[in-house]
Structure formats: structure tokens, C-alpha cells
Amino acid sequence: MPPFRRVALIGLGLIAGSMALAMRRAGLAESITGHARSAETRAVALEIGLVDSVHATAAGAAAEADLVVLAVPVGAMASIAREIGPHLAPGCIVTDVGSVKQAVIEAVAPHLPAGVHFVPGHPLAGTEHSGPRAGFATLFRNRWCILTPPEDADPQAVARLRALWEAMGANVDLMDAPHHDLVLAVTSHAPHLIAYTMVGVADDLRRVTDSEVIKYSAAGFRDFTRIAASDPTMWRDVFLSNKAATLEILGRFTEELFALQRAIRREDGDHLHAYFTRTRAIRRGIIEAGQDVDAPDFGRSASDRGDSAS
Ligand code: NAP
């Protein structure tokens, strides 16, 4: 694939930073420019070499780019698109990395002029860390990236973006946006809300258990705390913009939880055993699909940190 001439990263955090490093490593961009809200983030991105130049405005970064990546929280997409729309070069590809797709499409598409190709995307890779220093080049390796192009999307633009993600190490799938939002509500959004809740409950109990919550947290709770350390702005926006799908899944979750609660109260061991046998098989399926490793510490070694897809 010929490299993009000028890539503009709007937002310079974990995802954009990882893209910059992965693109540089694979020679996918002749130059990378960027914009972030704060001067401090822009300075760090320049200092650590994520970008060749920075701009104080999103429009300044996006002008003359042949690829623009929107890598800001979902709630900020509309205002960024409104700002950059009039400055985009004809033929430019605009994509995003937002964790929700339908709401982002509704927020961004109306602001893009004809002749600009919008191909929404979502890399299912992340960590609980954020900011420009959190990025690393291998974040997307062997992770899925879902593209949700509209039906009339330019096939060449879609192919080019697919090739870019593949060259950054990802496996690419195409899906329609509502389906993406439902799948992610199950696999990521509802689990994050459950982790936030569980950590909140433990925090409420802290006075009773004192430091035991921390001391014995290896037994399952630790993974909840890791997920619940994720960026508050990003996750607020995810829930507000994937409201219907998340509420649908949480409704089902609550029903299942009540059923398990009833089984415990009635001492229905058969129900519990059958349920846990079914869930264990799901875990095996994830390992067989190469999306995790069967190792203690949940396979989270320093070389494999891209384990928290959102
Ligand atoms: P992040 O590390 O918190 O970085 C967000 C970046 O956006 C920062 O550079 C921030 O700049 C900038 N920003 C925020 N509001 C802005 C605004 N109004 N105008 C301009 N810049 C603004 O976030 P991230 O984890 O990279 O997430 C970025 C996107 O990727 C989100 O849409 C998220 O849903 C999606 N995503 C995240 C993950 C994950 O696990 N983290 C995974 C897949 C997709 P300042 O530093 O100056 O505030």
C-alpha cells in the first residue's frame, strides 16, 4: 500500500498515539500531524515523536490531509467534525476510532462535504491508560478492528483503510453500525458498567473490610479494578451514546442475575453447575480464537498489553 501523504490525528491519546507509532513502524504515513485540546498534550506528542507537527486547531491539522483520524471521546466528535468539515481536501478519507458507531455516524456525517470519504472504525484494543504517553506500537496486533462503512461508501476508501489497519497488525471485519453497537454492548460496554459497579460496592464496604479489599484483590476483584480505572470521560460518552443497546443488555443481565440469586437461595446446585459449565466453554472459545492466552495473570505480560477492548 502506498503510504498516506499526510495523516492528521485529531486527539492525541492512547489510541491515536498507538496508531502513530504503528504507522511509523510500518512506514504507512509520509508525515503525521496532530491536534489535541490542551497545549500540554500537543507538546508531549511532539516531544515523544508521535507527530511531526501539531496544530492549535483541529481544522489546521485536518487541512491538506489525505487521512483524518478522529480519536477524541465520542461526545466530542460532532463539534470536531463541524469545525474541520469546510477545511477537508477533496478525496480525503475521514475515519474515527470511537467505541460507539451509530451515534458517531450521526454526529459526524452531516458535517462532511461531498467528495470526502467517511469510513467509521473501531479498533477493539485498549488499556485502562490514557493520554499521549500511553500509546504503544503493538496495541493493535492480533486485535480486531471493525469498520462500519455506510452502504454507499467508496469501496476504494474502505479497502485503503482496511489495508492500513492490517498493516498495523489488526484483523479487520466489516459490520453495520447498529450491529456493532449491540455486539460491543455485550462484550465491552455492559462488562465495564458491571466492573464500575462492583468496585463501587467494594468501596462502600471498605469501612467494614478495611484493607482486605486491596490485600486479597487477586481473586477476581483485581481485574474489575483495572477495568474500572478506565477513563471517566470516554466511558461516560460510551454509555450516553450507546444507551439503547447497553440498556437492552443490562436488562438481560439483571434477569440472569436474579435467576442465579434464586438458585443460590434455593440451594439449586445443579442450576449453578450447569450455568458455570456453559460459561467456562465460552472462555475456552475465546482462547481457541486467539483472543487471549490461557495463562495466570490473565495473560497480561508487558509484551501483550492490548487486552481491554472497548
Ligand atoms: P485518551 O487517551 O483519553 O485521549 C483522548 C484525546 O482526545 C486527548 O488527546 C484529548 O486531548 C483529546 N480531546 C478530548 N476532547 C477533545 C476536544 N473536545 N477537542 C480536541 N481534542 C480533544 O482517549 P483514547 O483512549 O485514545 O480514546 C479515544 C477514542 O478512542 C474514544 O472515542 C474512545 O471511545 C475510542 N477507543 C478507546 C479505547 C480504549 O480502550 N481506550 C479502545 C478503542 C476505542 P487533551 O489531552 O488535550 O485533553
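Everything numeric here is computed off the predicted structure, so don't read it as measured data. (Residues numbered from 1 in each chain as written. Predicted model: local features only at pLDDT ≥ 70, side-chain atom pairs only at ≥ 80, totals over all residues. Heavy atoms only, no water.)

1. Looking at the packing of aromatic side chains
Put simply, the test is: Here a pair means two rings of Phe, Tyr or Trp (six-membered ring of Trp) with centres within 6.5 Å. Their orientation is stacked below 30 degrees between planes, edge-to-face above 60, and tilted elsewhere. In this description a helix means any DSSP run of H or I spanning at least four residues, a strand means any run of E spanning at least two, and both kinds are numbered starting from the N terminus. Here's how the labels work: a residue is buried when its accessible area is under 20% of the maximum for its type, exposed when over 50%, partly exposed in between, all with a 1.4 Å probe on protein chains only. Lysine and arginine charges are scored as sitting over a ring when NZ or CZ, respectively, is within 6 Å of the ring centre and within 35 degrees of the ring normal.
A full pass over the atoms with the stated rule returns three aromatic pairs. Each ring, one from Phe 140 and one from Trp 165, has its centre 5.0 Å from the other, and the planes form 90°; the classification is edge-to-face. On the criterion of sequence distance, the pair formed by Phe 140 in the loop between strand S7 (121-123) and strand S8 (144-147) and Trp 165 in helix H6 (residues 155-167) is long-range, its members being 25 residues apart. Note on Trp 165: relative accessible area 1%, which makes it buried. Look at Trp 235 and Phe 239: their rings are 5.7 Å apart centre to centre, the planes differ by 45°, and that puts the pair in the tilted class. Of this pair, Trp 235 and Phe 239 both sit in helix H10 (residues 232-241), four residues apart, which is roughly one turn of the helix. Here Trp 235 and Phe 239 have matching classes, each one buried. We note Arg 160 situated over the ring of Phe 4; from NZ or CZ to the ring centre the distance is 3.9 Å. Against the face of Tyr 275 rests Arg 278, its NZ or CZ located 5.1 Å from the ring centre.

2. Details of the domain arrangement of the protein
Put simply, the rule reads: An automatic or database domain assignment supplies the residue ranges for each domain. Contact criterion: two residues are considered in contact whenever any of their non-hydrogen atoms come within 4.5 Å of each other. Here a salt bridge means any side-chain nitrogen of Lys or Arg lying within 4 Å of a carboxyl oxygen belonging to Asp or Glu. A 3.5 Å cut-off defines polar contacts: any pair of N or O atoms within that distance qualifies, except that in protein one atom must be a possible hydrogen donor and the other a possible acceptor, and neighbouring residues in sequence count only when both atoms are side-chain atoms.
Along its sequence, the protein is carved into domain 1 (4-175) and domain 2 (179-299). Of note, the centres of domain 1 and domain 2, computed from C-alpha atoms alone, are 30 Å apart. Opposite the 19 residues of domain 1 that make contact, domain 2 presents 17 residues. Seen at the junction of domain 1 and domain 2, the total is one salt bridge. Of the charged contacts, one joins Glu 128 and Arg 226 as a salt bridge, the two residues approaching to 3.5 Å between their closest N and O atoms. Across the contact surface, domain 1 and domain 2 share five residue pairs in polar contact (both at pLDDT 80 or more). Contributions of two or more residues to the side of domain 1 that touches domain 2 are made by helix H5 (102-108) and S8.

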